[in-house]
Amino acid sequence: DEDNKASLPSVEIEKWTSPQKVCFLDTLLSNLDGQPLQTSTIQAMKDMYGFHETKNCEILLRFCLLAIHAQDEDTYPVVLRFITSQGRMKYVRPLYRALFACEKTQKLAISTFMAHKDFYHPIATKMLSTDLGLVITSHPSKNEPTKEKNENSSDGTTIWEIPLSAIPIGTAVLVAGLAYVMYQKRR
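Quantities reported herein were computed from a predicted structural model and do not represent experimental measurements.

A.B. asks: What's the story with the packing of aromatic side chains in this structure? I'm lost.
C.D. replies: Two numbers describe a pair of aromatic rings. These are the distance of the centres and the angle of the planes. Applying the stated criterion to the full structure yields ten aromatic pairs. Summarising the aromatic geometry, the rings of Phe-24 and Tyr-49 are spaced 6.2 Å apart at their centres and angled 90 degrees between planes, so their arrangement reads as edge-to-face. With a gap of 25 residues between them, Phe-24 in helix H1 (residues 18-30) and Tyr-49 in helix H2 (residues 39-49) connect regions that are remote in the sequence.

Shown next, in the form of structure tokens:
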């Protein structure tokens, strides 16, 4: 209602540094105490500060979390664009978790993840699927590390068909070769 609306500070934060903006948003997030901001506040922040248009991932992450907690449906496209355009777990995992925590956006979180799961690194895919309560089975391609039995390997495992026991030897040979080349250049 109109009497209950708080106005945003009229401080010109365009002049703030990115860490100052991050600190501001972190303060808002930490002070929610189970009471999300109103969607009108999120809208006012978009209009006044343009957080939804920033290219800074640290700022965008925090603003998206505030918008998800507020259940601001107008910001969901921004959230989805963010989590499907880059795959760093640091950013996508908290957003998927926030989407999944809200009953209203659980299906959105799952359908978005399922449509883009091949975009993410295999470890991110596994972690996100666990967060979303999904079981993802994958068939490793030739380029993915696998563990296989190999008679030439002391412990029976290989990575990209190279016995694990050969990796330390290969590293030692490489270092010795580089040392020899550097020695020859000094002469």
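Moving on from the model shown.
A.B. asks: What should I look at first to understand H2 in this one?
C.D. replies: Since the α-helix advances by 3.6 residues per turn, residues separated by three or four positions end up pointing in the same direction. Within the span of H2, buried status applies to Thr-41, Ile-42, Met-45, Lys-46 and Tyr-49. When H2 is viewed along its axis, its buried side chains cluster within an angular range of 145 degrees and face the same direction. Among the structural elements, H1 and helix H3 (57-69) are those in contact with the buried residues of H2. One or two residues past the end of H2 sits Gly-50, with phi positive at roughly 65 degrees.

A.B. asks: Would you mind showing me how to read the packing of helix H4 (residues 76-85) against helix H5 (residues 89-101) here?
C.D. replies: A pair of packed helices is captured by two measures, namely the crossing angle of their axes and the spacing between those axes. Here H4 crosses H5 at 140 degrees, and the two axes come no closer than 9 Å. Classified by the angle between their axes, H4 and H5 sit oblique to one another. For the pair H4 and H5, the sense of crossing is left-handed. Contact residues: Val-79, Leu-80, Phe-82 and Ile-83 in H4; Tyr-91, Val-92, Leu-95, Tyr-96 and Leu-99 in H5. Each residue belonging to the contact of H4 with H5 can be placed in one class, and the counts come to nine nonpolar, no polar and no charged.

A.B. asks: Looking at this structure, how should I read unusual backbone geometry?
C.D. replies: The bulk of non-glycine residues show a negative phi, and the bulk of peptide bonds are trans. One non-glycine residue with positive phi stands out, namely Asp-33, at about 45 degrees. Structurally, the position occupied by Asp-33 is in the loop between H1 and H2. Judged by its relative accessible area of 68%, Asp-33 is exposed. In this structure, Gln-71 takes a positive phi of about 55 degrees despite not being glycine.

Reading the values: the criteria
- Residues numbered from 1 in each chain as written.
- Predicted model: local features only at pLDDT ≥ 70, side-chain atom pairs only at ≥ 80, totals over all residues.
- Heavy atoms only, no water.
- Phe/Tyr/Trp six-rings, centres within 6.5 Å; stacked < 30°, edge-to-face > 60°.
- Helix = DSSP H or I, 4+ residues; strand = E, 2+ residues; numbered from the N terminus.
- Buried < 20%, exposed > 50% of the residue type's maximum accessible area, 1.4 Å probe, protein only.
- Arc of directions from axis to C-beta.
- Contact = heavy atoms within 4.5 Å.
- Axes fitted to C-alpha atoms, helices over the stretch in contact; angles between N-to-C directions.
- Parallel < 35°, antiparallel > 145°, perpendicular 65-115°, else oblique.
- Left-handed = near helix turned anticlockwise from the far one by under 90°.
- Nonpolar A, V, L, I, M, F, W, Y, C, P; charged D, E, K, R; others polar.

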